[in-house]
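In case you want the letters, here they are:
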Amino acid sequence: AVTTAVKTAGSTADVAAALAARIAGFELEGGAILIQVPQVPLELIEPEVAKSRGYFAYPPHALFYLAATFRGLGLETRLLDLNFVTLDAAQKGKDAVLPAWEAALQEALAGVDKPVIGVSLMFDNTYAEFMRVCRRIRELKPDAAIFAGGVAASADPEKILDDGLADLVFCH
């Protein structure tokens, strides 16, 4: 895994070689899709709390910065905030949540054969949602290149790689 190679690498060239080997075969021509996972575990969402805007719905600032960097490199980028989609759907009722984010994910992935997808994992308590999103991406687009990042991803990148949820984990 790149994470292991980076930790033990003796030089920048070793890191670059490990990274190149890990991402070989993925194409960036279709652009990148950046995804914020739901920040509240789906089984804990309460429609009344969502209606009163009792859940945090922070904009995914880190993904905005990453998208700007990608665009600066000439890479088309789309952003999907599944946290917003989830909280918006929760206002309609608990049964609307999962179908809403699955539909949003399918729409984001439509028309791209081998997408490059970045998934943000900010909090440990949303690992189940992160796992659900990554596995759904793999079901819909088995040839996708999935990379992960965020505070919780940086804390345990080996787990994400060992669970087969991402091809690459960026750590702070």
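Residues numbered from 1 in each chain as written. Predicted model: local features only at pLDDT ≥ 70, side-chain atom pairs only at ≥ 80, totals over all residues. Heavy atoms only, no water.

Turning our eyes to something else, we now look at the packing of aromatic side chains. Two descriptors summarise a pair of aromatic rings, namely the distance from one centre to the other and the angle between the planes of the rings. Counted by the stated rule, this structure contains 3 aromatic pairs. For the ring pair F70 and F147, a centre distance of 6.4 Å and an interplane angle of 75° mean the geometry is edge-to-face. Highlighted residues: F70 in helix α4 (residues 61-72) and F147 in strand β4 (residues 145-149), separated in sequence by 77 residues. A relative accessible area of 11% means that F147 is categorised as buried. Residues Y127 and F130 carry aromatic rings whose centres are separated by 5.8 Å and whose planes lie at 40° to one another, so their mutual orientation is tilted. Of this pair, Y127 and F130 both sit in helix α7 (residues 127-140), 3 residues apart, roughly one helical turn. Taken together, F70, F147 and F170 form an aromatic cluster joined through their ring pairs. (Phe/Tyr/Trp six-rings, centres within 6.5 Å; stacked < 30°, edge-to-face > 60°. Helix = DSSP H or I, 4+ residues; strand = E, 2+ residues; numbered from the N terminus. Buried < 20%, exposed > 50% of the residue type's maximum accessible area, 1.4 Å probe, protein only.)

The next point concerns the pattern of salt bridges. Under the criterion given, the structure shown has 6 salt bridges. In this structure, R132 and E129 form a salt bridge, with 3.5 Å as the shortest nitrogen-oxygen distance. With R132 and E129 both in helix α7, this residue pair falls 3 residues apart, about one helical turn. R138 is paired through a salt bridge with D167; the nearest N and O atoms lie 2.9 Å apart. Of this pair, R138 sits in helix α7 while D167 sits in the loop between α9 (157-162) and β5 (168-169), and the two are 29 residues apart along the sequence. What emerges from the salt-bridge pattern is a single network uniting E102, R136 and E139. (Salt bridge = Lys/Arg side-chain N within 4 Å of Asp/Glu carboxyl O.)

With that settled, consider the packing of helix α5 (residues 82-90) against helix α6 (residues 97-109). It is at 8 Å that the axes of α5 and α6 come closest, and there the two elements cross at 145°. Crossing handedness for the pair α5 and α6: right-handed. Side by side, α5 and α6 meet where L82, V85, T86, A89 and A90 of the first sit next to V97, A100, W101 and A104 of the second. In terms of residue class, the contact of α5 with α6 is made up of 8 nonpolar, 1 polar and no charged. (Axes fitted to C-alpha atoms, helices over the stretch in contact; angles between N-to-C directions. Left-handed = near helix turned anticlockwise from the far one by under 90°. Contact = heavy atoms within 4.5 Å. Nonpolar A, V, L, I, M, F, W, Y, C, P; charged D, E, K, R; others polar.)

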